Amino acid sequence: MARKRKTDGRTPRRALWLRTLIAITACGVAVGGLAAYRTFSDDTATERPVTTEEASRLALSRLNLYQASPVAVTLTATEGGGVVVRVKGVVDYRTHRAVGSYQVTGASGSSGTSGPATGQLDHGLIVWDTGGLGLAPAPKGDNSPAWQQAEHIPRSGWSARSYTTDPLDAGLQLLIGLGADRPDNPLLLAQSGARWLGRDRVDGRSYDRFAGPRAQGATPGAGPDGGRSPLTYWVDGDSGLRRVTMRMPGLGTPTTLEFSGHEDRAKLPEAPWATS
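Residues numbered from 1 in each chain as written. Predicted model: local features only at pLDDT ≥ 70, side-chain atom pairs only at ≥ 80, totals over all residues. Heavy atoms only, no water.

1. Some words on the overall build of the protein
Threshold: The helix count covers DSSP runs of H or I at least four residues long, the strand count covers runs of E at least two residues long, and both are numbered beginning at the N terminus. With a 1.4 Å probe rolled over the protein chains alone, any residue whose accessible area is under 20% of its type maximum counts as buried; one over 50% counts as exposed, and the rest are partly exposed. Working rule for contacts: check all heavy atoms of both residues, and any pair within 4.5 Å makes them a contact.
Broken down by element type, the protein carries six helices and 12 strands. Counting only residues that meet the buried cut, the protein has 47% of its 276 residues in that class. Restricting the contact set of the protein to residue pairs at least 6 apart, pairs at least 24 apart contribute 62%.

Put into structure tokens, the structure is as follows:
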């Protein structure tokens, strides 16, 4: 897909932070949150470094995501000012392409004495890959899956652009790079500062919660998060990745990625990437 360059006027420091984060994810160092399935409760335990077993399972989490392609995903990003963007779609990690629908909600005007009303501000279709994203209006009256709707929109019907450092773009860029066709290095993951944070239940299943490895050059114990990675992972006992959150500078609510497993019906469209 052709990309249009876009400048957003943000500080070079934040752009550098995002580039560093994505680079770490792509090489496999920052991707991970491995779960060690325990028979005892860790509810009162304090955070600690990952064990050797946990590091080994962590190393498989990206491969498992890749092998499950196409994967159903949901991304939720807070853009500030009460505006929330939610993307629901599918990602094919073999082709590094993704398609879905998006919905923007937020303050939509006055609702009398109760203050601004929250409603839908925008919606449509979205495609993205490693180079950027494209948006298009959703066909009226079409209730088919987003990946089917996208096939009927010609390449010229997509408004394409490169990624920025906004929470939505950062989340999409992180999401498209999570799957990998080989395991990561478990020793490197353990040495890079991955930590076990606790255990949660999601949809009735147990998941261990992990802070990902630190960014290269980060000093342990330094900064507001103690040098901890901005990425947190929820992984089950089979190294299945269920959720990833990403904290961004200046925002109280992290961007959240949810994975719902293999979507066997999905077939990614060719139209948005067609060359003729």
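2. Some points on the pattern of salt bridges
This is how the line gets drawn: What counts as a salt bridge is simple: a side-chain nitrogen of Lys or Arg found within 4 Å of a carboxyl oxygen of Asp or Glu.
Within this structure, the stated rule accounts for 14 salt bridges. Taking the shortest distance from any N to any O, the salt bridge between Glu 54 and Arg 48 comes out at 2.9 Å. For Arg 48, a relative accessible area of 23% puts it in the partly exposed group. Between Arg 97 and Glu 270 there is a salt bridge, and its shortest N-O distance comes to 3.6 Å. Placement of Arg 97 in strand β4 (residues 97-110) and of Glu 270 in the segment after β12 (255-262) is noted, with a sequence separation of 173 residues between them. Note on Arg 97: relative accessible area 24%, which makes it partly exposed. The class of Glu 270 is partly exposed, set by a relative accessible area of 46%.

3. Notes on the nonpolar core
Filter applied, for reference: By convention a nonpolar core is built from buried Ala, Val, Leu, Ile, Met, Phe, Trp, Tyr and Cys residues, the set being connected through side-chain atoms within 4.5 Å.
Formed by 33 residues in total, the largest nonpolar core has its most connected members in Tyr 93, Trp 128, Leu 175, Leu 178 and Phe 259. Per-element tally for this core: the top contributor is helix α5 (residues 167-176), with six residues. Core analysis: the next-biggest nonpolar cluster, separate from the first, contains 13 residues, Ala 136, Trp 158, Leu 268 and Trp 273 among them.

4. Focus on α5
Of all 10 residues in α5, 10 are buried; the element is thus mostly enclosed. By the burial criterion, the buried members of α5 are Pro 167, Leu 168, Asp 169, Ala 170, Gly 171, Leu 172, Gln 173, Leu 174, Leu 175 and Ile 176.

5. Concerning the pairing of strand β9 (residues 205-211)
To keep it simple, the criterion reads: We call two strands paired when DSSP finds no fewer than two bridges between them.
Most of β9 sits inside the fold, with five of its seven residues counted as buried. In this structure, strand β8 (residues 195-202) lies alongside β9, joined through seven bridges in antiparallel fashion. Each bridged residue has a counterpart across the sheet, and for Arg 195 the counterpart in β9 is Ala 211. Between the end of β8 and the start of β9, which pair antiparallel, lie two residues, with Asp 203 showing a positive phi angle near 55°.

6. What about the environment of Thr 105?
Relative to the elements of secondary structure, Thr 105 occurs in strand β4. Along the sequence, Thr 105 and Arg 86 sit 19 residues apart, while their C-alpha atoms lie 8.4 Å from each other. Setting aside residues up to four positions removed in sequence, Thr 105 forms contacts with Gly 82, Val 83, Val 84, Gly 119, Gln 120 and Leu 121.

7. Observations regarding the packing of aromatic side chains
The cut-off we apply is this: Pairing of aromatic side chains here covers Phe, Tyr and the six-membered ring of Trp, requires ring centres within 6.5 Å, and sorts the geometry by plane angle: under 30 degrees stacked, over 60 edge-to-face, intermediate tilted. Over a ring means this: the NZ of a Lys or the CZ of an Arg is within 6 Å of the ring centre and within 35 degrees of the ring normal.
Taken as a whole, this structure holds zero aromatic pairs when the rule is applied. Its end group placed over the ring of Tyr 66, Arg 94 keeps NZ or CZ at 5.1 Å from the ring centre. Just above the ring of Trp 234 sits the side chain of Arg 243; from NZ or CZ to the centre is 5.2 Å.

8. What about unusual backbone geometry?
In most cases, non-glycine residues show a negative phi, while peptide bonds are predominantly trans. A cis geometry characterises the amide bond from Ser 69 onward to Pro 70, with omega recorded as -5°. Along the chain, Pro 70 falls in the loop between α3 (61-67) and β2 (71-80).

9. Remarks on the side chain of Arg 242
Keep this limit in mind: Counted as a polar contact is a pair of N or O atoms within 3.5 Å, where, for protein atoms, one must be capable of donating a hydrogen and the other of accepting one, and residues adjacent in sequence contribute only when both atoms are in side chains.
Assignment of secondary structure puts Arg 242 in strand β11 (residues 241-246). Polar contacts involving the side chain of Arg 242 include one to the side chain of Glu 258, which spans 2.4 Å. Among residues more than four places away in sequence, those in contact with Arg 242 are Val 202, Asp 203, Tyr 207, Trp 234, Leu 257, Glu 258 and Phe 259.

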